Amino acid sequence: MELSKRQERIIEIVKDNGPITGENIAEQLNLTRATLRPDLAILTMSGFLEARPRVGYFYTGKTGFELITEKIKKFHVQDFMQIPIVVKEEVSVYDAISTMFLEDIGTLFVVNEDSCLTGVLSRKDLLRASIGQQDLNSIAVHIIMTRMPNITVCRKEDLILDVAQKLINKQIDGLPVVKDTNAGLAVIGRVTKTTITKAFVELTKENHV
Ligand code: ADP
C-alpha cells in the first residue's frame, strides 16, 4: 500500500517518541486529533502501528513486505471459492461444450453416480475431442477427461497462496475444492486463476491493507 506524506510523518513521530498518544501526535503536526483519526485508523489497521488503550501508539517495526505476506496468509480457499459446475461421466462431449458456454466457465468437474469427483474437463480437452470427425453426441466425457487419481484438488481450509502455487506448478487453470465422504471426494467449490486475481485485488482494499 502507498502511504501519504502525512502517514509517513506519523510513523516517524511514533518511531521516535512512541508510546505516544494521538493527542501528542496531533500537536506535533499542528493538526487536530479529529483530522488525524482516519490516518491513525489506516496505520493501525494495516499493521504499521499498534494502539494500546490508555498508553498510546507504538511502532510495530514490520516492513511493508512482512505486512502484505501476513495478509496473504489470511486468505483461505473458503473465503474466495466459487460454485463448481459438474457434469456426469456419461454426458456427451457435445453437452459438456454446451454447459461450458451456458455457465460461462473454463473447467468442468466430472462426477460419478455418488456425486464424487472422477475427472476434469478443460477447454482444450473439449477442443481436442472436437478436432476429429467423431460425432460429439456419441462420445461420453469420461473417455476424454483427465481422471482420478491424477486430479489436483484443494480443501476449504487451504491457503489461497498454496492453491496459486499448485496452479503454477501443474500449469492448470483451476482446482476443485473437495470434501472427504465415505463414497469419495465430494466437489464443494472451485478455485481458478480468476479467483486468485480477485484475492489479489482484495489486498488493495482498505480493510485488508
Ligand atoms: P486448458 O487445457 O484449457 O488450457 P488447463 O490448463 O486447466 O486448461 O488444463 C490443462 C490440462 O490439465 C487438461 O488436460 C485438463 O484436463 C487438466 N487439468 C485441469 N485441471 C486439472 C486438475 N485440477 N488436476 C489435474 N488435471 C487438471
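Cut-offs applied
- By convention here, each chain's residues receive numbers from 1 onward along its written sequence.
- With the structure being a predicted model, the display of local features is reserved for residues of pLDDT at least 70 and the display and counting of side-chain atom pairs for 80 or more, all residues being used for whole-chain, interface and lining totals.
- The side-chain numbers reported here are obtained from all heavy atoms of the structure, hydrogens and water having been left aside.
- Cavities and pockets are found on a 1 Å grid laid over the protein atoms alone: a cavity is a set of points where a 1.4 Å probe fits but cannot escape, a pocket is an open set with protein on both sides within 12 Å along at least five of seven lines, and a lining residue has an atom within 4 Å of such a point.
- Grid points are joined across faces, edges and corners, and a volume is the space filled by probe spheres set on the points.
- Strands here are runs of E lasting at least two residues and helices are runs of H or I lasting at least four, both read from the DSSP assignment and numbered beginning at the N terminus.
- Residues are grouped as follows: Ala, Val, Leu, Ile, Met, Phe, Trp, Tyr, Cys and Pro are nonpolar; Asp, Glu, Lys and Arg are charged; all remaining types, including Gly, are polar.
- The criterion for a residue being near a molecule or strand is simple. One of its heavy atoms has to lie within 4 Å of it.
- Polar contact is the term for a pair of N or O atoms within 3.5 Å; when the atoms are in protein, one must be able to donate a hydrogen and the other to accept it, and sequence-neighboring residues count only if both atoms are side-chain atoms.
- For the area figures, the Shrake-Rupley method with a 1.4 Å probe applies, and any residue is considered shielded solely by the protein chains shown.
- Each molecule is assigned to a cavity or pocket provided more than half of its atoms lie within 2 Å of the corresponding grid points.
- The rule is simple: take the accessible area with a 1.4 Å probe, protein chains only, and divide by the maximum for that residue type; under 20% is buried, over 50% is exposed, in between is partly exposed.
- Any two strands with at least two DSSP bridges between them are considered paired.
- For crossovers, right-handed means that the path from the first strand over the helix to the second runs clockwise, given strands pointing away from the viewer.
- Domain delimitation follows an automatic or database domain assignment.
- In this description, the arc belongs to the directions extending from the helix axis to the C-beta atoms.
- We call two residues in contact whenever any of their non-hydrogen atoms come within 4.5 Å of each other.
- What counts as a salt bridge is simple: a side-chain nitrogen of Lys or Arg found within 4 Å of a carboxyl oxygen of Asp or Glu.

- An unreviewed UniProt entry lists the protein chain under the name Transcriptional regulator, with Oceanobacillus piezotolerans as the source organism.

**Observations concerning the layout of surface pockets**
In this approach a probe as big as a water molecule rolls over the atoms, and the regions it shows empty are the leftover space.
Phase 1 of the analysis: Here the largest pocket defines a volume of roughly 440 Å³.
Phase 2 of the analysis: Looking at the lining of the largest pocket, the elements with two or more residues in it are strand 5 (117-122), helix 7 (123-131) and strand 7 (174-181).
Phase 3 of the analysis: No other element matches the four residues that helix 7 contributes to the lining of the largest pocket.
Phase 4 of the analysis: Split by residue class, the lining of the largest pocket holds five nonpolar, eight polar and six charged.
Phase 5 of the analysis: One number sums up the size of the second largest pocket: a volume of about 350 Å³.
Phase 6 of the analysis: Lining the second largest pocket are 17 residues; nearest its centre among them are Met100, Ile105, Gly106, Thr107 and Arg123.
Phase 7 of the analysis: For the lining of the second largest pocket, the elements supplying multiple residues, two or more each, are helix 6 (93-103), helix 7, strand 8 (184-192) and helix 10 (193-202).
Phase 8 of the analysis: In terms of residue count, the dominant contributor to the lining of the second largest pocket is helix 7 (four residues).

**With respect to the site of the ligand**
Phase 1 of the analysis: Close to the ligand lie 15 residues, the nearest being Ser122, Asp125, Thr146, Thr152 and Asp173.
Phase 2 of the analysis: Between the ligand and threonine 152, the relevant distance is 2.8 Å, taken from a nitrogen atom to a main-chain nitrogen or oxygen of the residue.
Phase 3 of the analysis: With respect to the ligand, the backbone of aspartate 173 contributes an N or O atom lying 2.8 Å from an oxygen atom.
Phase 4 of the analysis: In isolation the ligand has 540 Å² of accessible area, and contact with the protein removes 84% of it.
Phase 5 of the analysis: Assessed atom by atom at 2 Å from the grid points, the ligand resides in the largest pocket.
Phase 6 of the analysis: Of the residues belonging to the shell around the ligand, the class tally is five nonpolar, six polar and four charged.

**Description of the pairing of strand 4 (residues 107-111)**
Phase 1 of the analysis: Most of strand 4 sits inside the fold, with five of its five residues counted as buried.
Phase 2 of the analysis: Alternating positions in strand 4 separate into two faces, Thr107, Phe109 and Val111 on one and Leu108 and Val110 on the other, with burial throughout.
Phase 3 of the analysis: Direction of pairing for strand 3 (residues 86-88) relative to strand 4: parallel, over a ladder of three bridges. Residue pairing across strands places lysine 88 opposite valine 111, the latter belonging to strand 4.
Phase 4 of the analysis: Taken together, strand 3, helix 6 and strand 4 constitute a β-α-β crossover, and its handedness is right-handed.
Phase 5 of the analysis: Connecting strand 4 to the antiparallel partner strand 5 that follows it, the hairpin turn spans five residues, and serine 115 within it adopts a positive phi of roughly 65°.

**Some details on the domain arrangement of the protein chain**
Phase 1 of the analysis: Per the domain assignment, the segments making up the protein chain are domain 1 (5-64) and domain 2 (77-200).
Phase 2 of the analysis: For domain 1 and domain 2, the distance between their C-alpha centroids amounts to 48 Å.

**Overview of helix 9 (residues 160-170)**
Each turn of an α-helix holds 3.6 residues, which means side chains three or four residues apart point in the same direction.
Phase 1 of the analysis: Ile160, Val163, Ala164 and Leu167 are the residues of helix 9 that are buried. Buried positions in helix 9, seen along its axis, are confined to an arc of 100° and lie on one side of it. Residues of helix 9 that are exposed and point over 90 degrees away from its buried face: Asn169 and Lys170.
Phase 2 of the analysis: Turning to helix 9, the residues buried within the fold contact helix 5 (77-80), strand 7, strand 8 and helix 10.

**Brief notes about the pattern of salt bridges**
Phase 1 of the analysis: As enumerated under the stated definition, the model contains nine salt bridges in all.
Phase 2 of the analysis: One salt bridge connects arginine 6 with aspartate 39, and the closest N-O pair in it is separated by 3.0 Å. One end of the pair, arginine 6, is in helix 1 (residues 5-17); the other, aspartate 39, is in helix 3 (residues 33-45), and 33 residues separate them in sequence.
Phase 3 of the analysis: Accessibility expressed as a relative area gives 9% for aspartate 39, which makes it buried.
Phase 4 of the analysis: In this structure, the salt-bridge partner of arginine 155 is aspartate 180, at a minimum N-O distance of 3.1 Å. Of this pair, arginine 155 sits in the loop between strand 6 (146-147) and helix 9 while aspartate 180 sits in strand 7, and the two are 25 residues apart along the sequence.

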